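# Notes for the structure review
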Amino acid sequence: KMKPGSVTVDLAAQAGGNIETTVADEAIVTPNGVTCIGYTDINSRLASTSSSLYANNQSKFLLSVGPFTTKTKGEWLIDHADDAVRGMLVLEKGKLMWPPPPIVLPPPPTPKPTEAEKLAA
């Protein structure tokens, strides 16, 4: 149960919502004082905020590729070991780098023996 004064914003309101109290295109207050926002046009209501957040994410990502990785001013390093960076790299010094090599996943853990297997052993 949420505390009175809490606010939920259901970004899936247009598709029926992810929160039980969501009412499409309305902001309601539940009997226990929780405000539930179910606007289906939230993107257009927050266009400049959305753009700013997106731009901030993009610039932070690009900066994570470059000068802050080496801690040396003016030096730009592309970290080929970073899966996110390697996935966006198309060309490097004229060499085609796409598609990136497949990500190597660690092996799955070995399953623990069941009680029946323990007894049989």
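To keep things clear, this report deals only with the structure shown in the data block.

Conventions adopted
Residues numbered from 1 in each chain as written. Predicted model: local features only at pLDDT ≥ 70, side-chain atom pairs only at ≥ 80, totals over all residues. Heavy atoms only, no water. Salt bridge = Lys/Arg side-chain N within 4 Å of Asp/Glu carboxyl O. Helix = DSSP H or I, 4+ residues; strand = E, 2+ residues; numbered from the N terminus. Buried < 20%, exposed > 50% of the residue type's maximum accessible area, 1.4 Å probe, protein only. Phe/Tyr/Trp six-rings, centres within 6.5 Å; stacked < 30°, edge-to-face > 60°. Lys NZ or Arg CZ within 6 Å of the ring centre and 35° of its normal. Pairing = 2+ DSSP bridges. Axes fitted to C-alpha atoms, helices over the stretch in contact; angles between N-to-C directions.

Applying the stated criterion to the full structure yields 2 salt bridges. A salt bridge links Arg-45 to Asp-41; the nearest nitrogen and oxygen atoms lie 2.8 Å apart. For the salt bridge of Lys-118 with Glu-115, the shortest nitrogen-to-oxygen distance reads 3.8 Å. Residue Lys-118 and its partner Glu-115 are located together in helix H5 (residues 115-120), separated by 3 residues, close to a single helical turn. Residue class for Lys-118 comes out partly exposed when judged on its relative accessible area of 48%. On the accessibility criterion, Glu-115 (56% relative accessible area) is exposed.

Here the focus is unusual backbone geometry. Pro-99 follows Trp-98 through a cis peptide bond whose omega is -5 degrees. Within the secondary structure layout, Pro-99 lies in the loop between strand E5 (95-96) and H5. The phi angle at Asp-25 is positive, at roughly 65 degrees, despite the residue not being glycine. The exposure class of Asp-25 is partly exposed, given its relative accessible area of 48%. For Lys-93, which is not a glycine, the phi torsion comes out positive at approximately 50 degrees. Of note, Lys-93 is situated in the loop between strand E4 (91-92) and E5. Overall, Lys-93 belongs to the exposed group, its relative accessible area being 86%.

Moving on to the packing of aromatic side chains. This structure, assessed with the given rule, holds 0 aromatic pairs. Cation over ring: Arg-45 sits above Tyr-39, and NZ or CZ is 3.7 Å from the ring centre.

On to the sheet that holds strand E2 (residues 27-29). With mixed pairing, 3 strands are arranged side by side in an open sheet as E1-E3-E2. Bordering the open sheet on either side are strand E1 (7-9) and E2, each of which pairs with just one other strand. Shown here is a sheet whose adjacent strand axes are inclined to one another by a mean of 15 degrees, direction ignored. Strand direction decides the pairing type here: E2 and strand E3 (residues 35-37), joined by 3 bridges, are antiparallel. Across the sheet, residue Ala-27 finds its bridge partner in E3, namely Ile-37.

Note that every value here comes from positions in space, so none of it alone points to a role or purpose.
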